[in-house]
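# Inside the fold
Below are the chains, spelled out letter by letter.
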Amino acid sequence: MRTIIGDIIKNEDKEIELCGWVHARRDHGKLVFIDLRDRSGFVQVVFGPEVANASELRLEYVVKIQGVVKKRPASMVNDKIPTGAYEIGATGLEILNRVEEIPLPVDTDGYDINEETRLKYRYFDLRRERMKNNLIARHNIVRLIRNFLSERDFIEVETPNLSKSTPEGARDYLVPSRVQKGTFYALPQSPQQYKQLLMVGGLEKYFQIARCFRDEDTRGDRQPEFTQLDLEMSFVEQRDVMALNEELLIEIVTTLYPEKKIQEIPFPRITYKEAMEKYGTDRPDVRNDKEDKNLLAFCWVIDFPFFEKTDEGRWTFTHNPFSAPKSEFMADLMEEKNVQDILTTQYDVAMNGLEIAGGSIRNHQPEALKSVFHIMGYQDEEIIGKFGHMLKALGSGAPPHGGIAWGLDRFVSLLQNEPNIREVIAFPKTGDGRDLMMAAPSEVDKKQLDELGIEIKKQK
Ligand code: ASP
């Protein structure tokens, strides 16, 4: 049975078998030294002349090694790594696989390597200690979230990816239907409608680590598909959703990042108006000390205007069309008047100047939702066509409900002190939406298009 490198400290003087990659190699003729790497760590292995094939070893070869765990003389201890007091005296070596070409080094932090190369050979890039640690950190955060919410009676429910267009402000990715020719699914921009429908379905407390898809032009640190922690609760008010999320954010930081300091608890609440006046942005950076990379300054931003004018002079929602207005503005919403003054129940979390979460209490009565769409200039017929299912559901005994979604990639990248979200996503796309490793998107066979009844227009 293979022993993992992290466990060699429990196996002094024993003969064990290790598997992994050749991380470093020094050939001194009679003796060959390698640093062997597996997910759990590194260890030095020494091959004497009796292990003849050791001279064939090259960087990143995959090997199985038999050997004895020996304590190194005190003067040779490498105290930079946990296994540094030991080395393996090899008695046998099997080369499990060789490497044709090393496309990029993996023994550095990798920041200085061309990112296109890193993305093209991502399976190689992921061997890097930093990338491995980012994925493990992400896993630990998600695990904590799942445990935290499960202990509070939330259930995780999967919602469809083949869905219908949701009006969340971005362009949809469309998927053509073969069976219903000429029609399209849309990939969800978020599970917004499904999670509300789960509340109508009586589930009361839902969450999901959900993939969302938005076909946006390249804008800063975004990905065409990204991950949200999405949640929704029934019979709650704004303060309930905010309190739960604040507790969860604090728990993640104090448990998994004890070296970090949260500037202020409870998180300060800032109205949209104050934020714009004082900071000129609705995601204010309220840090007292911007030099300290371990300082996390969370704040809530509330009291956003519900509507804003489009370039064409029509009203559109600022955040989410399914939000309820603050109760004192419900009458105006229903009468579709003083539109510019209506404030929404939206609450956003900003952290060090970046928006990491946002949500709201929803309109659980169909008439209120209808008013939102009327204000946006939709005719009744169009509202029924696009949102008939939501209106029907809300009119079928929908409980009052509200929720939130976090941009999980961004949150993890900030906690890991990474400069962008691609560093915490296993297989991210480039800024212009390409997967360089798989070479996607790509052309498809004519036969596939014929089956879908699709013809590609000649590119001019
Ligand atoms: N669905 C919203 C979003 O993706 C979040 C929410 O209101 O729960 O931004």
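It should be emphasised that the depicted structure is a prediction, and the values quoted were computed from it without experimental measurement.

All right, on to the overall build of the chain then. When helices and strands are counted, the chain shows 11 helices and 19 strands. For the chain, the spread of C-alpha atoms along the three principal axes comes to 90 × 60 × 40 Å. Considering the chain as a whole, with its 460 residues, one finds that 48% of them fall into the buried category. Pairs at least 24 apart in sequence give 65% of the contacts found in the chain among residues at least 6 apart. Per element, the accessible surface of the chain, about 23,900 Å² overall, is 49% carbon and sulfur.

Secondary-structure assignment places Cys-19 in strand S1 (residues 15-28). Discounting residues that sit within four places of it in the chain, Cys-19 has contacts with Arg-2, Leu-36, Arg-37, Asp-38, Val-63 and Lys-64.

Tracing the backbone through its elements, the reader meets Asn-245 in helix H5 (residues 238-256). Within the local environment of Asn-245, its side chain forms a polar contact with the backbone oxygen of Val-241, the two atoms lying 2.8 Å apart. Residues in contact with Asn-245, not counting those within four places in the same chain, are Leu-231, Trp-300, Ile-404 and Trp-406.

Where helix H3 (residues 129-151) contacts helix H10 (residues 408-415), the two axes come as close as 10 Å, and the packing angle between them is 120°. Looking at the two axes, H3 sits oblique to H10. As H3 runs across H10, the sense of the crossing is right-handed. Every residue of H10 that contacts H3 at Arg-138, Ile-141, Val-142 and Ile-145 is listed here: Leu-408, Asp-409, Val-412 and Leu-415. Taken together, the residues that form the contact of H3 with H10 break down as six nonpolar, no polar and two charged.

The environment of the ligand is formed by 12 residues, the closest being Gln-192, Lys-195, Arg-214, Gln-228 and Arg-362. Taking Lys-195, its side chain carries an N or O atom lying 2.6 Å from an oxygen atom of the ligand. At a separation of 3.1 Å, an oxygen atom of the ligand approaches a polar side-chain atom of Asn-320. Starting from 270 Å² of accessible surface for the ligand in isolation, the protein chains cover 85%. Secondary structure elements with two or more residues in the shell around the ligand: helix H4 (192-200), strand S18 (354-361) and strand S19 (401-407). Looking at the shell around the ligand residue by residue, the classes come out as two nonpolar, six polar and four charged.

In this section: unusual backbone geometry. In terms of backbone geometry, most residues other than glycine have negative phi values and most peptide bonds are trans. Pro-266 follows Ile-265 through a cis peptide bond whose omega is -10°. Secondary-structure assignment places Pro-266 in the loop between strand S11 (261-262) and strand S12 (269-271). Residues Ala-440 and Pro-441 are joined by a peptide bond in cis, for which omega reads 0°. One non-glycine residue with positive phi stands out, namely Glu-336, at about 55°. Relative to the assigned elements, Glu-336 resides in the loop between helix H7 (330-335) and strand S17 (347-351). Its relative accessible area of 35% is what places Glu-336 among the partly exposed residues.

This structure, assessed with the given rule, holds 41 salt bridges. The partner of Arg-98 in a salt bridge is Glu-56, with the nearest N and O atoms 3.0 Å apart. Residue Arg-98 is found in the loop between strand S5 (86-97) and helix H1 (115-120), and its partner Glu-56 is found in the loop between strand S3 (41-47) and strand S4 (62-71); the two are separated by 42 residues along the sequence. Arg-98 gets classed as partly exposed once you look at its relative accessible area, which sits at 45%.

This part takes up the sheet that holds strand S9 (residues 205-213). The strands making up a sheet associate through hydrogen bonds between their backbones, and the pairing can be parallel or antiparallel. Reading across from one edge, S6-S9-S10-S19-S18-S17-S14-S12 is the order of the eight strands in this open sheet, with mixed pairing throughout. For this open sheet the edge positions go to strand S6 (155-156) and S12, each flanked by a neighbour on one side alone. Here three bridges tie S12 to strand S14 (residues 298-302), and the two strands are oriented parallel to one another. If you follow Ile-270 over to S14, its bridge partner there is Val-301.

One closed barrel holds the five strands; their spatial order is S1-S2-S3-S5-S4, and the pairing between them is mixed. Pairwise comparison of adjacent strand axes, ignoring direction, gives a mean angle of 55° for this sheet. Direction of pairing for strand S2 (residues 31-38) relative to S3: antiparallel, over a ladder of seven bridges. The residue of S3 that forms the bridge with Val-32 is Phe-47.

Rules used in this analysis
- Residues numbered from 1 in each chain as written.
- Predicted model: local features only at pLDDT ≥ 70, side-chain atom pairs only at ≥ 80, totals over all residues.
- Heavy atoms only, no water.
- Helix = DSSP H or I, 4+ residues; strand = E, 2+ residues; numbered from the N terminus.
- Buried < 20%, exposed > 50% of the residue type's maximum accessible area, 1.4 Å probe, protein only.
- Contact = heavy atoms within 4.5 Å.
- Areas by Shrake-Rupley, 256 points an atom, 1.4 Å probe, with all protein chains shown as cover.
- Polar contact = N/O pair within 3.5 Å; in protein donor to acceptor, adjacent residues only side chain to side chain.
- Axes fitted to C-alpha atoms, helices over the stretch in contact; angles between N-to-C directions.
- Parallel < 35°, antiparallel > 145°, perpendicular 65-115°, else oblique.
- Left-handed = near helix turned anticlockwise from the far one by under 90°.
- Nonpolar A, V, L, I, M, F, W, Y, C, P; charged D, E, K, R; others polar.
- Near = heavy atom within 4 Å.
- Salt bridge = Lys/Arg side-chain N within 4 Å of Asp/Glu carboxyl O.
- Pairing = 2+ DSSP bridges.

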